[in-house]
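Examination of the molecular architecture
Residues per chain are reported as follows:
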Amino acid sequence: MNEQFRIAQRIGLMFRYDQDLPQDMEAWVQSQLQAPSPALGIPHAYAKVAQWPDELQPNLAKRAYMWRRYRALKKQEREGKNGQDTEAARQANRRNHLMREKDEHKFVQRNVYGADQVKLRLTAFWANHFTIGNTFDTGNMIGHAIDKGILAKLNGSFAEMLYGITTHPGMLTYLDNVWSAGERSEHAKGCHRRPNCHAGLNDNLGRELLELHTVSPAAGYSEDDIRGAANVLAGWGVDFQEELPGMRKKIGGINHWNAYKKRWAEPGTKKVMGQLIHAGRGGLRQLTDFLASHDHTINYISTKLCQHFVSDNPSKDQIESVKSAWRQGDGDLPTIHTQVFKLAIAAPEAKFVWPMTWLFQVVRLSGATYFKGWEDIDNYNNQLMSSKKVLKELGQSFWSLRQPNGYSDDRVDWMSAEMFERRIRFADAIHKNGNIRRSASEIMHRIGAAKQTRNLVASVGNSPRDQFIALMCSPELMGLEYV
Amino acid sequence: MSKSTVGRRNLLKAGAASLFLAGVPIAGFTKDKPLGSISVIILEGGLDGLAAIPPIGDADLMRMRQSISPASYLPLNDFFGLHPSLQFYAQLMARGQASAVHATAFPYTKRSHFEGQNMIEGGGLSPFSEKTGWLGRALELAGVAGRSLSLDMPLILRGHRDNDNFYPASIRGSGRPPADLVEMIAMGHQMDAAQMFTKVARKSEERVQVPRDPASLAAYAGRVMAQTDGPVASVIRVGGFDTHANQVDEGDTDAGQLARQLSVVDDVIAGYRRGLGKAWDDAIILTLTEFGRTVAVNGTLGTDHGYGSVGLLAGGALPSSRVVTNWPGLSKKDQFERRDLLATIDYRSVCAACLEKALGLDHDLIASQIFHQPDLPRVFEHLFA
């Protein structure tokens, strides 16, 4: 591949079929790190690219209201009240009050049409690092967490992003923290006096904060450290179902992000990995700042960044260079990312392209219209599947129910015949139903495809469809071999 | 140790032993019999063994866990009950075709899902020490292939190049790709990627419509395993066992997250039974989970990560129904690190016994070459004699 596409495959989503190519790639990478990130998409198939309308991007308060409303109508549906038990009412309830399909569709559209391809790749990395699985009650929050907790924080520090996502209702709900209370909290003490009242600690988020989000098990922390972290976290977050009066009473406001219930908090100082953490609301920021600048965190995440963008087995020198950028910039993400990209661009070996990244790249290269417009999201289309269905079939979606360690960066974890079969079938479906604007040979010419790729495409004969499938499933486009 | 504890423990051992005696041993079992089959159900998230097979005869259970112990358990014997979600499994138990191993775990005590899952699938001596899985290595040794019922290829099955996976696609506007096209693409790839596309080309011939629910996948697995040249092993994954919150519903300990997931496991076992047909007689199915859960209930009607759990076994290859255990007790001082059920049986031994039975491999070979633990205890007699 020529330099432009080689770099765009590695750290971006490929230049769209009609996009002018930058001449100075180093300057391009820098400008991409600072690129504005409007949510671009199309209202209808073949319409002009535009920004997603605000009414389809509600804030957290509105999302919480929708969730409460959804639950209330579900209850009426079960009870057969107010005509809610009809199929039409059920569908209307889903359509009006659940955000998952809209958010996922927005994510897909901006990955297909966005002019901020490098930031979108970084967003995917960090959204995976801070996985929020879809436990259904998180369905209205995941999209918001990705937009506001990850994408909007790419130009700040790691410490800011860590604190932001840890206090986001999506994470606090996914890992159960909204229901956790300190053993000695006022709430737990009051509860223990009543029959059938349950209150106490849940260490799920405390554990994963250490294991997955920051220092990793290599730090050798103990169960007491995990409990300490869980105690610092106790009181954070409000159940999305909570009505506003109850919420005001619990947190003194109605903001779901950064919500802290004092009566649920564990009193007193806590200790985590030798660090004393003050009681009260400020304790969490103290903890996340401590963890954010911990040597083990810097080592663990620098390694992970290298594994995602540079190599399945990055060298010690490569990792060290990212660590030193991290320290020099005091955790400034653009400084860290710049160093990672330097390594990625110079990397001598191929890096396997994730299924969803590959799909976006295929659509962008070919100029296919493979996804519906945002206004057609609820309309059945006998050619185009919903974004939700596409990513599910592909086997990779940020809106799936999955474990908090997220998707693997190691190619061996993606080696399966069924996974590979999906690549062939999606290339086929995009060619058939996507009304592609560039053929295999046009794409090969534009990207400067390698000789081996051209030979492979030539070997399958003259059918434009077979050629398209062969190109998209070539080692070069899948990121399996550097040629 | 107090006297009463000793008494209870002895009683328990006696109870378990009497169950052994109730078993009907298979006469003349020899290694040269035709191979059986082995299927693994991976219970992701850490199964609460104390709720799946509650030790109702242990007085500490109700004292410590009444709020999450199933009220309508089915009694197995004086000491153990069975979660009411496991209805089909209970029928198998009654027919002598299901067993359980309790207070067991892989030798991993750090309570991380991801390290633990790597251990139970990789079967190595420490987390992330293995690039292949114990079942994959066993199949390689036995020279036979297995199949996973998932979109990816789980670690547990890696290690034999012919192992395959299955997960029916449903993509609008695309059918099965033509084999000759896929073969050309395979030729353009190298090594493992070429192998994958070669498998896809092979699949292009087979046209199957199978719903994706776990029970249907299990029934499909059973059917293909029953064929003469079908795979002898299969793996199916069931998630949702990380029951930190609402393990049971408020006010109904028979319902809730765990009850739902155990029903799925029950359906999977029933699916295998249906699909295997006559091949059920030589089949063994076992569950695998990364750890058990805390003895104590946490603040959110759930349990946190622990150590010892339970393994469920089913299949016609079992000679009788037993609960095999060396019960450690539940009181604080009997707990592992004063919080978890202690594991007194190494679950790798259970896996080894199932491999020995299904694949006819020698225990010492399994211990040294598959689990890299030459002194791994053999528990074959306790399960299969």
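Residues numbered from 1 in each chain as written. Chains lettered and ligands numbered in written order. Predicted model: local features only at pLDDT ≥ 70, side-chain atom pairs only at ≥ 80, totals over all residues.

Before going further, it helps to spend a moment on the overall build of chain B. Looking only at helices and strands, chain B features 13 helices and 11 strands. What you see for chain B is a C-alpha radius of gyration of 21 Å, in line with the 21 Å of a compact globule of 385 residues. Dimensions of chain B, computed from the C-alpha atoms along their principal axes, are close to 75 × 50 × 40 Å. Intrachain contacts of chain B at a sequence separation of at least 6 include 72% that bridge at least 24 residues. (Helix = DSSP H or I, 4+ residues; strand = E, 2+ residues; numbered from the N terminus. Rg over C-alpha atoms; globule rule 2.2 N^0.38 Å. Contact = placed C-beta atoms within 7 Å.)

All right, on to the overall build of chain A then. Counting its secondary structure elements, chain A contains 24 helices and four strands. A globule of 483 residues ought to have a C-alpha radius of gyration of about 23 Å, and chain A, at 24 Å, matches this closely. Taken along the three principal axes of its C-alpha coordinates, chain A extends 80 × 60 × 40 Å. Across the 483 residues in chain A, those meeting the buried criterion constitute 52%. (Buried ≥ 20, exposed ≤ 12 C-beta atoms within 10 Å, placed from the backbone.)

Right, let's talk about the pairing of strand E4 (residues 98-105) of chain B for a bit. Residues in a regular strand project their side chains so that they alternate between the two faces of the sheet. Residue and element names in this part refer to chain B. Counting buried residues along E4, eight of its eight residues qualify, which places the element largely inside the surrounding structure. Where E4 lies against strand E9 (residues 309-314), six bridges are found, and the strand directions are antiparallel. When the sheet's bridge partners are listed, Ala98 is paired in E9 with Ala314. Direction of pairing for E4 relative to strand E10 (residues 323-325): parallel, over a ladder of three bridges. Following the sheet pairing, His102 is matched in E10 by Thr325. In the sheet, E4 pairs with strand E11 (residues 345-346) via two bridges, with the strands oriented parallel. Across the sheet, Ala105 pairs through a bridge with Asp346, a residue of E11. (Pairing = 2+ DSSP bridges.)

On to the confidence of the model for chain B. All names here are of chain B. Averaged over chain B, the pLDDT score is 89; the fraction of residues at 70 or greater is 91%. Contacts of residues 1-34 to residues separated by more than four positions or lying in other chains number 31 contacts, the stretch itself having pLDDT below 50. Under the prediction, the complex receives an ipTM of 0.93, its pTM being 0.93. (pLDDT = per-residue confidence, 0-100.)

This brings us to the interface of chain A and chain B. It is common to give the size of an interface as the accessible area lost on bringing the parts into contact. Residue-level contacts link 48 residues of chain A with 43 residues of chain B. Elements supplying a minimum of two residues to the side of chain A that touches chain B: helix H11 (204-213), helix H20 (417-433), helix H22 (451-459) and helix H23 (464-472) of chain A. For the side of chain A that touches chain B, the element with the highest residue contribution is H20 of chain A, accounting for 13 residues. A breakdown of the residues in the side of chain A that touches chain B according to their chemical character gives 21 nonpolar, 14 polar and 13 charged. (Nonpolar A, V, L, I, M, F, W, Y, C, P; charged D, E, K, R; others polar.)

To continue, consider unusual backbone geometry. All names here are of chain A. In this structure, Tyr46 takes a positive phi of about 70° despite not being glycine. Position of Tyr46 among the secondary structure elements: in the loop between strand E1 (40-41) and strand E2 (50-51). A count of 8 C-beta atoms within 10 Å places Tyr46 in the exposed class. Backbone geometry at Ser216 places phi at a positive 70°, although glycine is not the residue there. On the secondary structure map, Ser216 appears in the loop between H11 and helix H12 (223-233). Note on Ser216: 20 C-beta atoms within 10 Å, which makes it buried.

To continue, consider the pairing of strand E1 (residues 37-43) of chain B. Residue and element names in this part refer to chain B. By the criterion of burial, E1 is predominantly enclosed, with seven of the seven residues buried. Burial along E1 is two-sided: Ser37, Ser39, Ile41 and Leu43 and Ile38, Val40 and Ile42, pointing in opposite directions, are all buried. Sheet analysis places E1 next to strand E8 (residues 283-289), joined by seven bridges and oriented parallel. Among the inter-strand pairings, Val40 is bridged to a residue of E8, identified as Leu286. Looking at chain direction, E1 and strand E7 (residues 233-238) are connected through six bridges and run parallel. When the bridges of E7 are listed, Ile41 appears paired with Ile236.

We note that the domain assignment places domain 1 (61-96), domain 2 (157-347) and domain 3 (355-478) within chain A. If you average the C-alpha positions of domain 1 of chain A and of domain 3 of chain A, the two centres end up 36 Å apart. (Domains from an automatic or database assignment.)

Turning next to the packing of helix H16 (residues 316-328) of chain A against helix H17 (residues 333-346) of chain A. Residues and elements named next belong to chain A. Taken N-terminus to C-terminus, the directions of H16 and H17 make an angle of 160°; their axes are 8 Å apart at the nearest point. Comparing the axis directions of H16 and H17 gives the class roughly antiparallel. Note that H16 runs across H17; the crossing there is right-handed. Note on element contacts: H17 touches H16 through Thr335, Ile336, Gln339, Val340 and Leu343, opposite Gln318, Ser321, Val322, Ala325, Trp326 and Gln328. Of the residues assigned to the contact of H16 with H17, the class counts are six nonpolar, five polar and no charged. (Axes fitted to C-alpha atoms, helices over the stretch in contact; angles between N-to-C directions. Parallel < 35°, antiparallel > 145°, perpendicular 65-115°, else oblique. Left-handed = near helix turned anticlockwise from the far one by under 90°.)

Membership of the largest hydrophobic core comes to 256 residues, with the highest contact counts inside it found for Val340 of chain A together with Ile284 and Leu313 of chain B. Considering each element in turn, this core owes the most residues, nine residues, to helix H11 (residues 347-359) of chain B. When sequence neighbours within four positions are dropped, the list of residues in contact with Leu313 of chain B reads Ala98, Ser99, Ala100, Ile284, Ile285, Leu286, Leu318 and Leu383 of chain B. (Core = buried A, V, L, I, M, F, W, Y, C linked by C-beta atoms within 7 Å.)

Looking now at the packing of H20 of chain A against H23 of chain A. All names here are of chain A. Their axes nearest at 9 Å, the elements H20 and H23 cross at an angle of 135°. Regarding the angle of H20 to H23, the classification is oblique. For the pair H20 and H23, the sense of crossing is right-handed. Where H20 abuts H23, its residues Ile424, Ala427, Asp428 and His431 lie against Arg465, Phe468, Ile469 and Met472. Broken down by class, the residue content of the contact of H20 with H23 amounts to five nonpolar, one polar and two charged.

All names here are of chain A. Tracing the sequence through the fold places Phe107 in helix H5 (residues 100-113). Judged by the 27 C-beta atoms lying within 10 Å of it, Phe107 falls in the buried class. If we ignore the near neighbours within four places in the chain, the residues touching Phe107 are Gly143, Ile146 and Phe398.

A separate point is H5 of chain A. All names here are of chain A. Between the first and last C-alpha of H5 there are 20 Å, a value that for 14 residues agrees with the 20 Å anticipated at 1.5 Å per step. In terms of residue burial, H5 counts as a mostly covered element, since 11 of its 14 residues are buried. Buried residues of H5: Lys102, Asp103, Glu104, His105, Lys106, Phe107, Val108, Gln109, Arg110, Asn111 and Val112, and no others. On its buried side, H5 packs onto E1, helix H6 (117-129), helix H7 (142-150), helix H18 (355-366) and helix H19 (387-394). (Expected span 1.5 Å × (residues − 1).)

Residue and element names in this part refer to chain B. Here Pro107 lies in the loop between E4 and helix H5 (113-122). You can call Pro107 partly exposed: it has 14 C-beta atoms within 10 Å. In sequence terms Pro107 and Leu217 are 110 residues apart; their C-alpha atoms lie 31 Å from each other.

Time to look at the environment of Lys271 of chain A. Residues and elements named next belong to chain A. Here Lys271 lies in strand E3 (residues 270-272). For Lys271 and Arg227, which are 44 residues apart along the polypeptide, the C-alpha to C-alpha distance reads 9.1 Å. When residues no more than four places from it in sequence are discounted, the contact partners of Lys271 are Gly228 and Leu276.

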